[in-house]
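Here is what each chain is made of, one letter per residue.
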Amino acid sequence: MEKELIFGHRNPDTDAIGTAIAYSYFQNQHGYNTEAVALGEANDETSFALKKFGFEAPRVVKTVANEVKAIMLVDHNEPQQSVEDRDQVKVTHVIDHHRISNFATIDPLFYRAEPVGCTSTVLWEMFKEQNMEIPANIAGIMLSAIISDTLLLKSPTTTDIDKEAVEDLAKIAGVDYKEYGLELLKAGTNIAAKSVEELIDLDAKSFELGSKTARIAQVNVVDVPEALERKDAFLAAMEKDAKANGYDLFMLVITNVLDSDSEVLFIGDDESKSVFAKAFGKELVDSEAHLPGVVSRKKQIVPPLTRAFEA
């Protein structure tokens, strides 16, 4: 069987990399020939999880058509979040938990998407449905992905299925998920050593919202005031990146993983600022707004913005 590559979205997080590793194991057990790769370097949180469970970071690829004829996607489907030459290969499988947008294929494919907190939760269900044993290290990296995406089950994206998966995977991996989860999340909150340019690209995704192209980045912290000391530098970097890449608006969501609130920095034209206010019921003051209880880009940020831009 010809080799296929499995990968998550650009600027990969723990779900994108962790689920790619786990899904590659799953598919190889079913006779496929796959390799988990990544569309970017592992961040600090993901690196912590990989080391904890004995994995090397997947190699980074910029293109895939030079290597394979077919690919499998996890944790994304939108082309602007994927590899740049995706249109030159065949997508055979997708496992996801996001909205479906601008996605089309010539041939039928296996596509499974569920409104749960993490793609690894969907994969956990697939393991269970087939009564397939999950190795301890695979369970650990899947557990890490769910903890990351659900902020240790505190995100509004969390479902009962996520909770069940976390409890089961923690037992298999041999860890206390609450203790380990806090260590994992804190590993990803050390932003002091990173430049503002690195931080606005670390976990950033592009979206088509109505007629606008939006860039929405997110960083997790335990000290929001410390992060906001670099507010002017953040805004300048966002403005520069937006002009260079043709983004109509750029949002940086600074999320406190301990109290589940976010501070938003925003650049865009007057129309975009007005739509932001409509979407969240909050006026931007000096390019900033406080969004209490908002932690999920997927569920609490993109959907209200999409509705507001399309209204």
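About the cut-offs
- Residues numbered from 1 in each chain as written.
- Predicted model: local features only at pLDDT ≥ 70, side-chain atom pairs only at ≥ 80, totals over all residues.
- Heavy atoms only, no water.
- Helix = DSSP H or I, 4+ residues; strand = E, 2+ residues; numbered from the N terminus.
- Rg over C-alpha atoms; globule rule 2.2 N^0.38 Å.
- Buried < 20%, exposed > 50% of the residue type's maximum accessible area, 1.4 Å probe, protein only.
- Contact = heavy atoms within 4.5 Å.
- Lys, Arg positive; Asp, Glu negative; His and termini not counted.
- Charge placed at Lys NZ, Arg CZ, Asp CG, Glu CD.
- Pairing = 2+ DSSP bridges.
- Axes fitted to C-alpha atoms, helices over the stretch in contact; angles between N-to-C directions.
- Phe/Tyr/Trp six-rings, centres within 6.5 Å; stacked < 30°, edge-to-face > 60°.
- UniProt positions renumbered as here; feature names shortened; annotations may be inferred.
- Polar contact = N/O pair within 3.5 Å; in protein donor to acceptor, adjacent residues only side chain to side chain.

> Sorry, what's going on with the overall build of the chain here?
Check the secondary structure of the chain and you find 11 helices and 10 strands. Over its C-alpha atoms the chain spans a radius of gyration of 19 Å, differing by no more than 12% from the 19 Å that the globule rule assigns to 311 residues. Counting only residues that meet the buried cut, the chain has 58% of its 311 residues in that class. Counting only contacts in the chain whose residues sit at least 6 apart along the sequence, the fraction spanning at least 24 positions is 65%. Distance between charge centres in the chain, computed from 32 positive and 52 negative side chains, equals 1 Å.

> Whenever I open this one, the environment of Ile6 confuses me. Can you help?
Relative to the helices and strands, Ile6 resides in strand S1 (residues 4-7). For Ile6, a relative accessible area of 0% puts it in the buried group. Spatially, the C-alpha atoms of Ile6 and Ala16 are 9.9 Å apart, while their sequence positions differ by 10 residues. Excluding residues within four positions of it along the chain, Ile6 makes contact with Ala20, Tyr23, Ser24, Gln27, Thr34, Glu35, Ala36, Val37, Met72 and Val74.

> Help me out: how do you make sense of unusual backbone geometry in this one?
Among all residues except glycine, the phi angle is most often negative; among peptide bonds, the trans geometry is most common. Here Ser260, not a glycine, exhibits a phi torsion of approximately 60 degrees, which is positive. Position of Ser260 relative to the elements: it lies in the loop between strand S8 (249-256) and strand S9 (261-268). Judged by relative accessible area, which is 15%, Ser260 ranks as buried. Unusually for a residue other than glycine, Ser287 sits at a positive phi of about 65 degrees. Summarising the element assignment, Ser287 is placed in the loop between helix H10 (270-280) and strand S10 (288-291).

> Help me understand the sheet that holds strand S7 (residues 212-221) in this model?
Adjacent strands of a sheet pair through backbone hydrogen bonds, lying either parallel or antiparallel. The 5 strands are arranged S6-S7-S8-S9-S10 in an open sheet whose pairing can be described as mixed. In this open sheet, the two edge strands, each paired with only one partner strand, are strand S6 (204-209) and S10. When strand polarity is set aside, the average angle formed by the axes of neighbouring strands in this sheet is 25 degrees. With 8 bridges connecting them, S7 and S8 associate as parallel partners. The residue of S8 that forms the bridge with Ala214 is Leu249. Each of S8, S9 and S10 touches helix H9 (residues 231-245); the most contacted strand, S9, lies at about 45 degrees to it. Across the face of the sheet, helix H11 (residues 297-310) comes into contact with S6, S7 and S8 while running at roughly 25 degrees to S6.

> Honestly, the packing of aromatic side chains in this entry has me stumped. Any pointers?
To describe a pair of aromatic rings, one takes the distance between the centres and the angle between the planes. Enumeration according to the criterion identifies 9 aromatic pairs in this entry. Ring centres of Tyr247 and Phe250 lie 6.2 Å apart, and the angle between their planes is 75 degrees; this geometry places the pair in the edge-to-face category. Across the pair, exposure class does not vary: Tyr247 and Phe250 are buried alike. Between the aromatic rings of Phe276 and Phe280, the centroid separation amounts to 4.8 Å while the plane-to-plane angle is 50 degrees, which identifies the pairing as tilted. In this pair, Phe276 and Phe280 both sit in helix H10, 4 residues apart, roughly one turn of the helix. For the pair shown, Phe276 and Phe280 are each scored as buried. The structure contains a cluster of three or more aromatic residues connected by ring pairs, namely Tyr23, Tyr25, Phe26 and Phe127.

> I'm lost on the UniProt feature "domain: DHHA2" (unreviewed entry) in the chain in this one. Help?
UniProt marks residues 181-309 with the feature "domain: DHHA2" (unreviewed entry), using the numbering shown here. From the first C-alpha to the last, residues 181-309 spans 36 Å; its make-up is 45% helix and 28% strand.

> Help me understand the environment of Lys128 in this model?
Secondary-structure assignment places Lys128 in helix H3 (residues 119-129). Distance in space between the C-alpha atoms of Lys128 and Phe234 is 44 Å, their sequence separation being 106 residues.

> I would appreciate a short explanation of the UniProt feature "binding site: Mn(2+) 2" (unreviewed entry) in the chain in the present structure.
Mapped onto this numbering, the UniProt entry annotates "binding site: Mn(2+) 2" (unreviewed entry) at Asp15, Asp75, His97 and Asp149. In sequence the annotated residues extend across 135 residues, while in space they remain close, none of their C-alpha pairs exceeding 10.7 Å. By relative accessible area, Asp15 is classed as buried at 0%. Note on placement: His97 falls in the loop between strand S4 (90-96) and strand S5 (110-113). Judged by relative accessible area, which is 5%, His97 ranks as buried. Once residues within four sequence positions are removed from consideration, His97 is found in contact with Asp15, Asp75, Glu114, Val116, Gly117, Cys118, Thr119, Asp149 and Lys298. Engagement of the side chain of His97 in a polar contact is seen with the backbone nitrogen of Cys118, the distance being 3.3 Å.

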